[in-house]
Amino acid sequence: MFQGVFTALVTPFRDGALDERALHDLVELQIGAGIDGLVPCGSTGEAATLSHAEHRRVVEVVVAAARGRVQVLAGTGSNSTSEAIELTRHAKEAGADGAILISPYYNKPTQQGLVAHYSEVARQTSFPLVVYNIPGRTASNVLPDTLARLAELEQVVGVKEACGNLDQMAHVIAAVPDTFSVLSGDDSLTLPLLAIGGAGVISTTSNLVPAEMVELVRAFRAGDVERARAIHYRLLPLFDALFTETNPIPIKAALALRGTILEELRLPLTRLSPPNRERLQVAMKELGLL
C-alpha cells in the first residue's frame, strides 16, 4: 500500500510556534519534486516535543496542503497505547491515508506486548498502520517473527525498518507477505534494502533533495541498477553529514542554509555544532546545493 519515497517532514518553527506557512511551502516543494508520500509528526518532525494540539495541527496542515496529490502517512505513535489510539483516530478523521507508529519507547514491552499494542490500535481504529522499528530510540526491537504476526492483521500493512541490520531486514521480508511494505528508515540503506526486496524509504534526506531520492528509487525499480548506484554514491557524503548529530538537527541546519525554514529546534535539541556544520556545508557545496 505504501511504496516509493516518503519524506519524513521536519516541523518548522518560528519564535517557538509552528510555522504553518513554511510547512505548507515544504509540502509544495516535495510534491513538485515528485515525492510519493509525506510523513508528518515522526522523529524528524520532533513529535516528542509537540503538544497534542500542535501534533494534530501539523497533520491537518499537511493533509490540507497535499490535497490528495500524494499519500500522507501520519506519525501517531506513543508509549501509551490509549494515546496512540487517540492520535491515530485523529489522523484518520483529518484525512490521512494511514498512520505510522513508533514502537512503544521507555516501557520496553516484550514481543507479546508489542503484538498486543499494535493489535489494539488496529482493532480500535480500523486504519492502515505502519510499524516503526527504531531500537536506538525505543530500547526495544520488533523482531521478524513479531512482524510476521502483525502482518496477519488486515490493518498492519508495512514497517519502517530502522534497526540498521540488513540481515534482520532480510528475515523480515522473508517472513511477511509480498503485499507488506518494508521501507528503509535509514537513507544510506535504501539501495541495499531495495536490492533484497524492500518497497522504498521513509527519508530524512528527501527534505533537502527529494528529486534525487525519487530518482534513486525509481531507477532501481525500473531495472537501472547502475544509475541507482551512481546516485547512492553521489549522495553518500550527504547521508553521512545529515546524521553526524541527532536527527533532525543537521537536516534543519541544511534547510536553513537553503533558506527553506528557520534553524529553530526545541530543547533538548540544540543547533548543529560548528565542525559538523562545516562538514555539512562541504557536502552541500559538492552537490551544488549552496
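Counting restarts for each chain, with residues numbered from 1 along the sequence as it is written. Given that this is a predicted model, residues contribute local features only at a pLDDT of at least 70 and side-chain atom pairs are listed and counted only at 80 or more, while totals for whole chains, interfaces and linings are drawn from all residues. To get the side-chain values, all heavy atoms of the structure are used, and hydrogens and water are removed first.

Some words on the sheet that holds strand β9 (residues 181-184)
Okay, step 1: In this analysis, strands are considered paired if DSSP registers two or more bridges between them. By the criteria applied, helices consist of DSSP H or I runs no shorter than four residues and strands consist of E runs no shorter than two, each listed in order from the N terminus. In space, the eight strands of this closed barrel follow the order β1-β4-β5-β6-β7-β8-β9-β10, with parallel pairing throughout. This sheet shows a mean twist of 25° between the axes of neighbouring strands, independent of strand direction.
Okay, step 2: Its contacts with the sheet place helix α2 (residues 52-66) against β4 (37-39) and β5 (71-75), and it is angled at close to 175° to β5. Comment: axis = line fitted to C-alpha atoms, over the contacting stretch for helices; angle = value between 0 and 180 degrees taken between N-to-C directions. The contact rule is simple, with two residues in contact once any of their heavy atoms fall within 4.5 Å.

Examining unusual backbone geometry
Okay, step 1: For the bond running from Asn247 to Pro248, omega is 15°, close enough to zero to count as cis.
Okay, step 2: Cis geometry marks the peptide bond from Leu267 to Pro268; its omega dihedral reads 15°.
Okay, step 3: Checked against the element boundaries, Pro268 lands in the loop between α11 (249-257) and α12 (274-286).
Okay, step 4: A positive phi angle is found at Asp15, which is not glycine, with a value near 55°.
Okay, step 5: Looking at the secondary structure, you find Asp15 in the loop between β2 (13-14) and β3 (17-18).
Okay, step 6: Note on Asp15: relative accessible area 74%, which makes it exposed. The cut-offs for exposure are 20% and 50% of the maximum accessible area for each residue type, with area from a 1.4 Å probe on protein chains only; residues under the lower value are buried, those over the upper are exposed, and the others partly exposed.

Observations concerning helix α4 (residues 111-125)
Okay, step 1: For α4, spanning 15 residues, the distance from its first C-alpha to its last is 21 Å, which sits close to the expected 21 Å at 1.5 Å a residue.
Okay, step 2: Of all the residues in α4, the buried ones are Leu114, Val115, His117, Tyr118, Val121, Ala122 and Thr125. Seen from one end, α4 has its buried residues packed into an arc of 160°, which puts them on one side.
Okay, step 3: Where α4 is buried, its residues touch α3 (81-94), β6 (98-102), β7 (129-133) and α6 (144-150).
Okay, step 4: Residue Ser126 follows α4 closely and has a positive phi angle near 50°. Here the expected length of a helix is defined as 1.5 Å per residue gap, with one fewer gap than residues. To be clear, the arc concerns the directions from the helix axis to the C-beta atoms.

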